[in-house]
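Fold and geometry: a report
Residues per chain are reported as follows:
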Amino acid sequence: MHPKISIILIEDEMNICNFIATALKTSDYKLTIAHNGNDGLSLITSQCPNIILLDLGLPDIDGMEVIKSIRTWSSIPIIVISARTQEHEKVLALDAGADDYITKPFGTSELLARIRTSIRHSNRMTIGNPLNTRPYHSHGLVLDFEKRIVSLNGTEIHLTQIEYKLLSLLAKNSGRVLTYSYIIGEIWGPYADDSNNQILRVNMANIRRKIEENPAEPKYVFTEIGIGYRMLEDEM
Ligand code: CA
């Protein structure tokens, strides 16, 4: 028997709360709900959940403040649930430390996939976890992080240093969205100009030409317009 994965949902809209409670009922998750930010923060402090689902538009404090407050002491995965379709809000939430986002309205399978990805990612980040160095594997694409080899259906793909760094960053975070500024900071360093995505787009176009059958309709690395890139989830 392993302990149930616990989830805290901070959301003031009753119909969303009910929908999520129903969606998670058949899964083996323990769900606790708070209807405002302050109750949510005290629940998180007392229960230390495995995942936090957070609405950005709360009645008492702004969801962004909740993210910033949690991130001063914890790296518990936060998935933002938002009706706000503005990419800007999502980017701000991600750059403030949220792990991912889901936009209302969403379906059960999308919700479960986001939760699964966040759990898998936080397990993978655990120091000493062998998953950390295990190759990425999905639909014939393999990235071996130890040997630094990329192959597609058994054939080695030659990438430049930057292309390899970029693809392996996405692969290690597969299933999660990474913002343009996060990627630029990781690949080109903290002093890189992240206001210009041109160098990133050029490298991504080159990677797609090498790994995608049809670069215009990618199946490995997806563009989330105005936000960043998300790589197809690892098969494991
Ligand atoms: Ca709300």
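One can find the structure itself at the top, above this paragraph.
So, a few notes on the structure that sits alongside this text. These numbers come from a predicted model, not from an experiment. (Residues numbered from 1 in each chain as written. Predicted model: local features only at pLDDT ≥ 70, side-chain atom pairs only at ≥ 80, totals over all residues. Heavy atoms only, no water.)

**Here we look at the layout of surface pockets**
Taken as a whole, the largest pocket spans an internal volume of roughly 500 Å³. Asp99, His121, Asn173, Arg176 and Tyr182 are the residues nearest the centre of the largest pocket, which is lined by 22 residues in total. Secondary structure elements with two or more residues in the lining of the largest pocket: helix 4 (87–95), helix 5 (108–124) and strand 10 (177–179). Broken down by element, the residue count for the lining of the largest pocket peaks at three residues, all from strand 10. (1 Å grid on protein atoms, 1.4 Å probe; cavity = no way out; pocket = protein on both sides within 12 Å on 5 of 7 lines; lining within 4 Å. Points joined across faces, edges and corners; volume = space filled by probe spheres on them. Helix = DSSP H or I, 4+ residues; strand = E, 2+ residues; numbered from the N terminus.)

**Describing the nonpolar core**
Counting 27 residues, the largest nonpolar core has Leu141, Leu143, Leu167, Leu170, Ile183 and Met231 as its most contacted members. Counting residues per element, the ones that place at least two in this core are strand 7 (141–144), strand 8 (149–152), helix 6 (161–172), helix 7 (180–188), helix 8 (198–211) and strand 12 (228–231). Of the residues forming this core, the biggest block, six residues, is contributed by helix 6. Dropping the residues within four chain positions of it, Leu143 is found in contact with Pro135, Tyr136, Ile149, Val150, Leu167, Ser168, Ala171 and Met231. In terms of nonpolar packing, the next biggest core, distinct from the first, is built from 24 residues, Ile8, Leu58, Ile70 and Ile76 among them. (Core = buried A, V, L, I, M, F, W, Y, C linked by side-chain atoms within 4.5 Å. Buried < 20%, exposed > 50% of the residue type's maximum accessible area, 1.4 Å probe, protein only. Contact = heavy atoms within 4.5 Å.)

**Quick notes on the coordination of the calcium ion**
Taken together, the protein ligands of the calcium ion are Asp12 (OD), Asp55 (OD) and Gly57 (O), with distances of 2.2 to 2.3 Å. Donor residues for the calcium ion, ordered by position in the chain, follow D-x42-D-x1-G. Placement of Asp12 in the loop between strand 1 (5–10) and helix 1 (14–25) and of Gly57 in the loop between strand 3 (51–55) and helix 3 (63–71) is noted, with a sequence separation of 45 residues between them. The class for Gly57 is partly exposed, based on a relative accessible area of 33%. (Donors = N, O, S within 2.8 Å, 3.2 Å for Na, K, Ca; no water.)

**As for the sheet that holds strand 12**
Two orientations exist for strands paired in a sheet by backbone hydrogen bonds: parallel and antiparallel. The strand order across the open sheet formed by three strands is 10-12-11, and the pairing between neighbours is antiparallel. A strand with exactly one partner marks an edge of an open sheet, and here the two such strands are strand 10 and strand 11 (221–224). In this sheet, neighbouring strand axes are inclined to one another by 30 degrees on average, regardless of whether the strands run parallel or antiparallel. As judged from the four bridges shared by strand 11 and strand 12, these two strands associate in the antiparallel manner. (Pairing = 2+ DSSP bridges. Axes fitted to C-alpha atoms, helices over the stretch in contact; angles between N-to-C directions.)

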